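# Observations on chain architecture
Letter by letter, the chains look like this.
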Amino acid sequence: MSTTLELSLPTPAASATPAPSRSYWRVVGRQLRRDPMALAAGLVLLLIVGAAVLAPWLAPADPYKASMLKRLLPIGSPGFLLGSDELGRDMLSRLMHGGRLSLLMGVVPVLAAFGIGTAIGLLAGYVGGRLNMVIMRVLDVFYAFPSVLLAVAISGALGPGMSNSLIALTLVFVPQVVRVAESVTTQVRQLDYIEAARMSGASAFSIIRVHVLGNVLGPVFVYATGLLSVSMILASGLSFLGLGVKPPEPEWGLMLNTLRSAIYVNPWIAALPGALIFITSIAFNLLADSVRSAMDIRR
Amino acid sequence: MNSAPLPPSPVHDRGSPAQPLLVVRDLKKHFPVRGGPLERTKKFVHAVDGVSFSVPKGKTLGIVGESGCGKSTTARLIARLMQADSGSMVFDGEGVDEFGGIRLKEFRRNLQMVFQDSFASLNPRLTIAETIAYGPRVHGMPAAEAKRQAHDLLARVGLAPAQFASRYPHELSGGQRQRVNIARALAFDPRLVILDEAVAALDKSVQAQVLNLLQELKAERQLTYLFISHDLHVVHYISDYVMVMYLGQVVETGPVERIYGQAAHPYTRALLSAVPSMDPDRRTESSPLAGDPPNPINPPSGCRFRDRCPHAHPVCEARTPALIGIAGEPAHQAACHLNDPASGHPGALPETQA
């Protein structure tokens, strides 16, 4: 898209018929649809999300129904398409149901951190000066710890449970989002178009809404999409450690933990939740990369 | 708060035609330099140090000087993008932001600025029509009217609205973007436009087109320009008056032909002789000025130009030369002891005025 636009520059006549939609996001969308990697990653995510969302209707069996006689059946057993786990529950059903929680714990903290972090970052970056210093130094404290350790510590302090791990993960991501939002805002704030807007007598609120937000949201959004996979893996890790979802609730990280003991008996079954975590986070990352390049059409 | 309908632009003078549009008095801006273990403010960069001038209505005042002499800072101080440490401004007879004077918001509407970096001065996420319409919309103009006005302005600066209105800045060339910036500045129907190196980044042919556009607009809308540039040719072409700055101070000011023909300050003469001449008989054989301007943190005492001046004398160190009128042409002023027979400078003889 960007190349065709630039090619039309020297000959204005060639672009005398402007494209019907010139909205920035439509251009980005069009760009994404032409990117095979984005399409593939999007398709995989659509399948996984669809299977998870529709699990109550699509799952072949009850994910909680255990049977001591049918423990650790291999993949492809009759009635158990993906085998069964250490308590004889249907793996396929559990993986589908587990995706609901795993995806939720991947997306919700990132969304929350995106909102909170962008607001704080905009404030710190636009106001600048002392306020900026205070906010950024406080957040640096969070930065001193590796994110896994921080998530485990906050989650441990709050106590196990899903809502607590959501809070813990949000707290882990907020400083990272703030830092990106703050640095982009600080850059944008110094540009001449902000000064031109100030010259026009616009209020700070209007300038932030029209001129700053539009230019900050993009890079922060791209950064946040990259956090989706991290969040999912951290959430799975918390569940694996017993700090997140509690058994018998199906969740990929927790399933990985409970199937750990079966790794010598039936390694393929034990690897399934891990494989799903891997595929989903790779798909998120690839999509984030594509979004990043699709959004970079400004120059 | 609605701006008046577009062409023809009404003349909204408040003072008489002889009243200068803008009078600036003793503008000062010192930037603190932080240093030391406790980040104590120790020193100040004397970016603008007591600048006074006036711009007559409908004229163009060119401001020239080396990089770092305070040209752009002066522009930003006037536009109130930066707060001055001291100094006052009178806009068409009314004190800016003073009791009983013109309110800051009203002043800003009457003054617009065109920046050097045509790309950085346009929001990459807005179409150019949106960019132009933004200011008027902020002041309450209905969207449809603002859009129509934006299209009219685009047409006026030579960009066909049907073709350009919905484009983004990255789809335009530098000259086209600068036209958009000019159109945006005109959206308020301003009376004073500050052009801060507005054509410096453009190549010569585009520069000429934009300069001609500026000249046309000035005549059409009774605009007054403050034209900041380091390009002496361009300033010669567009200006009616010229002000030469050195290290945050005005060293010489006067009508353009006087400055270019009979410069009274050694710095101005050095600056002008540095311009490459097209005439091989008038080639410059030696560099007129050596070295860099002194550090603005500790400007020299007395005349700030003295350590680079070929006519320097102890009196230049002892006394700061005032900006005084040159005999025979009061509009032409220079801050040099050579022009003041009472200064005690041995070179201050009548013939130096020639």
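Residues numbered from 1 in each chain as written. Chains lettered and ligands numbered in written order. Predicted model: local features only at pLDDT ≥ 70, side-chain atom pairs only at ≥ 80, totals over all residues. Heavy atoms only, no water.

Below, the discussion takes up the overall build of chain A. Within chain A, the secondary structure is distributed over twelve helices and zero strands. Reading chain A from its N end, one meets helices and strands in the order α-α-α-α-α-α-α-α-α-α-α-α. Principal axes of the C-alpha set define a box for chain A whose edges measure 75 × 50 × 30 Å. Here chain A, with 299 residues, has 48% of them falling under the buried criterion. Split by element, the accessible area of chain A, about 14,400 Å² in all, is 70% carbon and sulfur. Charge separation in chain A, taken as the distance between the mean sites of 22 positive and 14 negative side-chain charges, equals 4 Å. (Helix = DSSP H or I, 4+ residues; strand = E, 2+ residues; numbered from the N terminus. Buried < 20%, exposed > 50% of the residue type's maximum accessible area, 1.4 Å probe, protein only. Areas by Shrake-Rupley, 256 points an atom, 1.4 Å probe, with all protein chains shown as cover. Lys, Arg positive; Asp, Glu negative; His and termini not counted. Charge placed at Lys NZ, Arg CZ, Asp CG, Glu CD.)

Structurally, the position occupied by Arg 258 of chain B is in helix α9 (residues 256–261). Here Arg 258 of chain B falls in the buried class, since its relative accessible area comes to 16%.

Here the focus is unusual backbone geometry. Residues and elements named next belong to chain B. Despite not being glycine, Asp 26 has its phi angle at roughly 50 degrees, a positive value. Structurally, Asp 26 can be placed in strand β1 (residues 22–35). The class of Asp 26 is partly exposed, set by a relative accessible area of 38%. One non-glycine residue, Glu 197, lies in positive phi territory at about 55 degrees. Examined against the element boundaries, Glu 197 turns out to sit in the loop between β7 (192–196) and α7 (204–221). Residue classification places Glu 197 among the buried residues on the basis of a relative accessible area of 8%.

This part covers the state of the cysteines. Simply put, the disulfide is a covalent bond whose two ends are the sulfur atoms of two cysteines. Residues and elements named next belong to chain B. If you walk through the whole model with that rule in mind, you get zero disulfides over all chains. Here Cys 309 is not disulfide-linked; the sulfur of Cys 336 is the nearest cysteine sulfur, at 6.0 Å. On the basis of relative accessibility, which here comes to 15%, the residue Cys 309 falls in the buried class. In this model Cys 316 remains outside any disulfide bridge; the closest cysteine sulfur is found in Cys 303, 5.8 Å from its own. (Disulfide = S-S within 2.5 Å.)

All right, on to the pairing of strand β4 (residues 86–91) of chain B then. In this structure, β4 of chain B lies alongside strand β5 (residues 94–95) of chain B, joined through two bridges in antiparallel fashion. If you follow Val 90 of chain B over to β5 of chain B, its bridge partner there is Gly 95 of chain B. (Pairing = 2+ DSSP bridges.)

As a further point, take helix α4 (residues 143–156) of chain B. Between its first and last C-alpha, α4 of chain B extends 20 Å over 14 residues, near the 20 Å set by a 1.5 Å rise per residue. Just downstream of α4 of chain B, Gly 158 of chain B is the residue with a positive phi angle, here 90 degrees. (Expected span 1.5 Å × (residues − 1).)

Another aspect to go through is the pattern of salt bridges. Residue and element names in this part refer to chain B. Evaluated as defined, the whole model comprises 18 salt bridges over all chains. Residue Arg 304 is joined to Asp 49 by a salt bridge in which the shortest nitrogen-to-oxygen separation is 2.4 Å. Taken as a pair, Arg 304 in the loop between α10 (266–273) and α11 (314–318) and Asp 49 in strand β2 (residues 40–55) lie far apart in primary sequence, 255 residues in all. Pair check on accessibility: Arg 304 and Asp 49 agree, each one buried. Between Glu 197 and Lys 71 there is a salt bridge, with the nearest N and O atoms lying 3.8 Å from each other. Here Glu 197, found in the loop between β7 and α7, pairs with Lys 71, found in helix α1 (residues 71–78); they are 126 residues apart in sequence, far enough to count as distant. In this pair, the class of Glu 197 matches that of Lys 71, namely buried. (Salt bridge = Lys/Arg side-chain N within 4 Å of Asp/Glu carboxyl O.)

Residue-level contacts link 33 residues of chain B with 30 residues of chain A. Of the roughly 2,900 Å² buried where chain B meets chain A, counting both sides, 54% is carbon and sulfur surface. Of all residues in chain B, Arg 125, Tyr 134 and His 170 of chain B give up the largest surface area on contact with chain A, accounting jointly for 25% of the area buried on that side. There are two salt bridges connecting chain B and chain A. Of the charged contacts in the structure, one is a salt bridge between Glu 195 of chain A and Arg 76 of chain B, with a shortest N-O distance of 2.3 Å. Here chain B and chain A share eleven residue pairs in polar contact (both at pLDDT 80 or more) between them. Residue composition of the side of chain B that touches chain A, grouped by class: 16 nonpolar, eight polar and nine charged. (Contact = heavy atoms within 4.5 Å. Buried area = accessible area lost by both parts, 1.4 Å probe. Polar contact = N/O pair within 3.5 Å; in protein donor to acceptor, adjacent residues only side chain to side chain. Nonpolar A, V, L, I, M, F, W, Y, C, P; charged D, E, K, R; others polar.)

Attention now goes to a nonpolar patch on the surface. Residues Val 49, Val 53, Leu 54, Trp 57 and Leu 58 of chain A make up a contiguous nonpolar surface patch of about 520 Å² in total accessible area. Among the secondary structure elements, those contributing two or more residues to the nonpolar patch are α3 (36–53) and α4 (55–58) of chain A. (Patch = residues over 30% accessible without salt bridge, like charges linked within 9 Å, V, L, I, M, F, W, Y side chains within 5 Å.)

Here the focus is the sheet that holds strand β8 (residues 224–228) of chain B. All names here are of chain B. With mixed pairing, the eight strands of this open sheet are ordered in space as β6-β7-β8-β3-β9-β10-β12-β11. Two strands lie at the open edges of the sheet, namely β6 (111–114) and β11 (324–326), each paired on one side alone. Neighbour-to-neighbour, the strand axes of this sheet turn through a mean angle of 25 degrees, independent of strand direction. Pairing between β7 and β8: five bridges, direction parallel. Looking at the pairing, Leu 192 lines up with Thr 224 of β8. Across the sheet, α7 lies against β3 (60–64), β7 and β8, angled at about 155 degrees from β8, the strand it touches most. Its contacts with the sheet place α10 against β3, β9 (241–246) and β10 (249–255), and it is angled at close to 105 degrees to β9. (Axes fitted to C-alpha atoms, helices over the stretch in contact; angles between N-to-C directions.)

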